[in-house]
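Structural overview
Each chain, letter by letter, is given below.
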Amino acid sequence: FPDISGFPYRNSYFMKQFAESYPEGICETAVSQIPWGHNIILLQKISHTQERLWYAEQAIENGWSRSMLINWTESDLFSRQGKAITK
């Protein structure tokens, strides 16, 4: 972001990572509907886009707070339930 100023390096890094993680666009995905802090957690903890989207959808559907999202990602809820729910 050479022409933009005022953002701390860490936020600039996450914004770049976020844009690169969803190259096809995010407007119609769940990640555009969750708070920025939730997205940072997903970027830090989850490497696969499909899994990130699943957690974002679950956070919206179940009203997860950031701490609940951390707990569910750390307990690998996706592996335990994600495959069964995608029918």
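Residues numbered from 1 in each chain as written. Predicted model: local features only at pLDDT ≥ 70, side-chain atom pairs only at ≥ 80, totals over all residues. Heavy atoms only, no water.

Focus on the confidence of the model for the protein
Note the cut-off: pLDDT expresses, on a scale from 0 to 100, how confident the predictor is about each individual residue. A run of H or I in DSSP becomes a helix once it reaches four residues, and a run of E becomes a strand once it reaches two; helices and strands are each numbered from the N terminus.
Looking at the protein as a whole, its pLDDT mean stands at 83, while 79% of the residues score no less than 70. Looking over the protein, one finds the lowest element-wise mean pLDDT in helix 5 (residues 77-85), namely 76, and the highest in helix 4 (residues 66-74), namely 97.

Some details on helix 3 (residues 49-62)
As a reminder, the rule being used: The span one expects for a helix is its residue count, reduced by one, times 1.5 Å. We call a residue buried when its accessible area falls under 20% of the maximum for its residue type, exposed when it is over 50%, and partly exposed in between, using a 1.4 Å probe and counting protein chains only.
The end-to-end C-alpha separation of helix 3 is 20 Å, in line with the 20 Å expected for 14 residues at 1.5 Å each. Restricting attention to buried positions, one finds in helix 3 the residues Glu51, Arg52, Leu53, Trp54, Tyr55, Ala56, Gln58 and Ala59. Immediately downstream of helix 3, the backbone of Gly63 shows phi near 65 degrees, a positive value.

Looking at the nonpolar core
We apply this condition: Nine residue types can take part in a nonpolar core, namely buried Ala, Val, Leu, Ile, Met, Phe, Trp, Tyr and Cys, and a core is a set of them joined through side-chain atoms within 4.5 Å.
Formed by 20 residues in total, the largest nonpolar core has its most connected members in Val31, Leu42, Tyr55, Ala56, Trp64 and Leu69. Listing elements by their share of this core, those giving two or more residues are helix 1 (9-21), helix 2 (36-45), helix 3 and helix 5. At 5 residues, helix 3 tops the list of elements feeding residues into this core.

With respect to the side chain of Thr73
Quick reminder of the rule: Contact criterion: two residues are considered in contact whenever any of their non-hydrogen atoms come within 4.5 Å of each other.
Within the secondary structure, Thr73 is located in helix 4. For Thr73, a relative accessible area of 11% translates into the label buried. Residues within four places of Thr73 in sequence aside, it is in contact with Leu42, Lys45, Ile46 and Tyr55.

A few points about unusual backbone geometry
For Asp76, which is not a glycine, the phi torsion comes out positive at approximately 60 degrees. Along the chain, Asp76 turns up in the loop between helix 4 and helix 5.

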